[in-house]
Structure formats: structure tokens, C-alpha cells
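As a plain string of letters, each chain reads:
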Amino acid sequence: MNQHDQRLYRTMREHLDQYEGGVIGLDHLIGSLDALLALLEGTDQAWRDAFRYEWGTLEMVYAIALDRGVTQLSPENQALIKEAIKNMRRLLADRITTENVIGNS
């Protein structure tokens, strides 16, 4: 796994941390994850598809809230976001952990 992609995976994780810490909004998270995903070079299509699926949940929740003029997300939508982020973290952890093991050999 190349270092370029590893930096991007770590940056994706940092953006998730920033969102959960209230540093960035959902709109910024969606945009940055989309851009970072597009920059990955050596990532297999299955991983991309799995990550994109979770990203799509965030985008859907945000788009519906925007369309309805909602400024406070419902508990149901917050749960959808939380689950998607948990799944994204799992996907990233699998990739980052692999690199760390290889990098520390």
C-alpha cells in the first residue's frame, strides 16, 4: 500500500474526528471525504464502493435536511450518520492498521 493513500486514509479519519468533535459541519465532511476518496490511487474498487456507500448515507441525510430547511437533525438522522461514520472508521482502520504493521516491520 502506498504512502500517498496512507496519508489520505489518515486525513479521512481526521475529518471524521473533526466532525464528531464539532469542528467541521456535515457539509464540509461530505465534501472533503468525496475529494479525498477521488484522490486515492491504489485502493481496490470493493473498498471504494463500501466507503462510497457509507458516504452516500451522509450525503442523503444532508440533502434531505437542506431540502426541508431543517437546521437540527432528527434523532433518526443522527443515528444514520453515527452508523455511517462507525462503518467508515472500520473501513479506514482496516487500511491504516495494515500500513502500520508493514511500516513497523
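Residues numbered from 1 in each chain as written. Predicted model: local features only at pLDDT ≥ 70, side-chain atom pairs only at ≥ 80, totals over all residues. Heavy atoms only, no water.

A few points about the packing of aromatic side chains
Working step 1: Under the criterion given, the structure shown has two aromatic pairs.
Working step 2: Between the aromatic rings of Trp47 and Phe51, the centroid separation amounts to 5.1 Å while the plane-to-plane angle is 15 degrees, which identifies the pairing as stacked. With Trp47 and Phe51 both in helix H3 (residues 45–68), this residue pair falls four residues apart, about one helical turn.
Working step 3: An aromatic cluster is built from Tyr9, Trp47 and Phe51, whose rings are joined through pairwise contacts.
Working step 4: Residue placement shows Arg52 over the ring face of Trp55; its charged tip is 4.6 Å from the ring centre. (Phe/Tyr/Trp six-rings, centres within 6.5 Å; stacked < 30°, edge-to-face > 60°. Helix = DSSP H or I, 4+ residues; strand = E, 2+ residues; numbered from the N terminus. Lys NZ or Arg CZ within 6 Å of the ring centre and 35° of its normal.)

Focus on the nonpolar core
Working step 1: In this structure, Met12, Leu29, Leu33, Trp47, Phe51 and Leu58 are the most contacted members of the largest nonpolar core, which totals 27 residues.
Working step 2: Counting only elements with at least two residues in this core, the list comes to helix H1 (3–20), helix H2 (26–39), H3 and helix H4 (75–103).
Working step 3: If you tally residues by element for this core, the top one is H4, at seven residues.
Working step 4: In contact with Phe51, other than residues within four places in its own chain, are Met12, Leu33, Leu37, Met88, Leu91 and Leu92. (Core = buried A, V, L, I, M, F, W, Y, C linked by side-chain atoms within 4.5 Å. Buried < 20%, exposed > 50% of the residue type's maximum accessible area, 1.4 Å probe, protein only. Contact = heavy atoms within 4.5 Å.)

Thoughts on the side chain of Arg48
Working step 1: Here Arg48 shows up in helix H3.
Working step 2: Nearest to the buried, unbridged Arg48 among oppositely charged side chains is Asp5, at 6.1 Å.
Working step 3: Side-chain polar atoms of Arg48 contact the backbone oxygen of Leu37, separated by 3.0 Å.
Working step 4: Polar contacts involving the side chain of Arg48 include one to the main-chain carbonyl oxygen of Leu40, which spans 2.5 Å. (Lys, Arg positive; Asp, Glu negative; His and termini not counted. Salt bridge = Lys/Arg side-chain N within 4 Å of Asp/Glu carboxyl O. Polar contact = N/O pair within 3.5 Å; in protein donor to acceptor, adjacent residues only side chain to side chain.)

A closer look at the pattern of salt bridges
Working step 1: In this structure the tally under the stated criterion is five salt bridges.
Working step 2: Residues Arg95 and Asp44 are paired through a salt bridge, measuring 2.4 Å at the closest nitrogen-oxygen approach. Taken together, the residues span a long stretch of sequence, with Arg95 in helix H4 and Asp44 in the loop between H2 and H3 at a distance of 51 residues.

A word on H1
Working step 1: End to end, H1 covers 26 Å across 18 residues, agreeing with the expected 26 Å (1.5 Å per residue, within 8%).
Working step 2: What H1 keeps buried is the set Asp5, Gln6, Leu8, Tyr9, Met12, His15, Leu16 and Tyr19.
Working step 3: Where H1 ends, the next residue or the one after it, Gly22, has phi of about 80 degrees, a positive value. (Expected span 1.5 Å × (residues − 1).)

Focus on the packing of H2 against H3
Working step 1: Viewed as axis vectors pointing N to C, H2 and H3 meet at an angle of 155 degrees, and their least axial separation amounts to 10 Å. In terms of orientation, H2 lies roughly antiparallel with respect to H3. H3 is crossed by H2, and the crossing has left-handed handedness. Counting all contacts with H2, which are made through Leu26, Asp27, Leu29, Ile30, Leu33, Asp34 and Leu37, the residues of H3 involved are Trp47, Arg48, Phe51, Arg52, Trp55, Leu58, Glu59 and Tyr62.
Working step 2: Across the contact of H2 with H3, the residue classes break down as ten nonpolar, no polar and five charged. (Axes fitted to C-alpha atoms, helices over the stretch in contact; angles between N-to-C directions. Parallel < 35°, antiparallel > 145°, perpendicular 65-115°, else oblique. Left-handed = near helix turned anticlockwise from the far one by under 90°. Nonpolar A, V, L, I, M, F, W, Y, C, P; charged D, E, K, R; others polar.)

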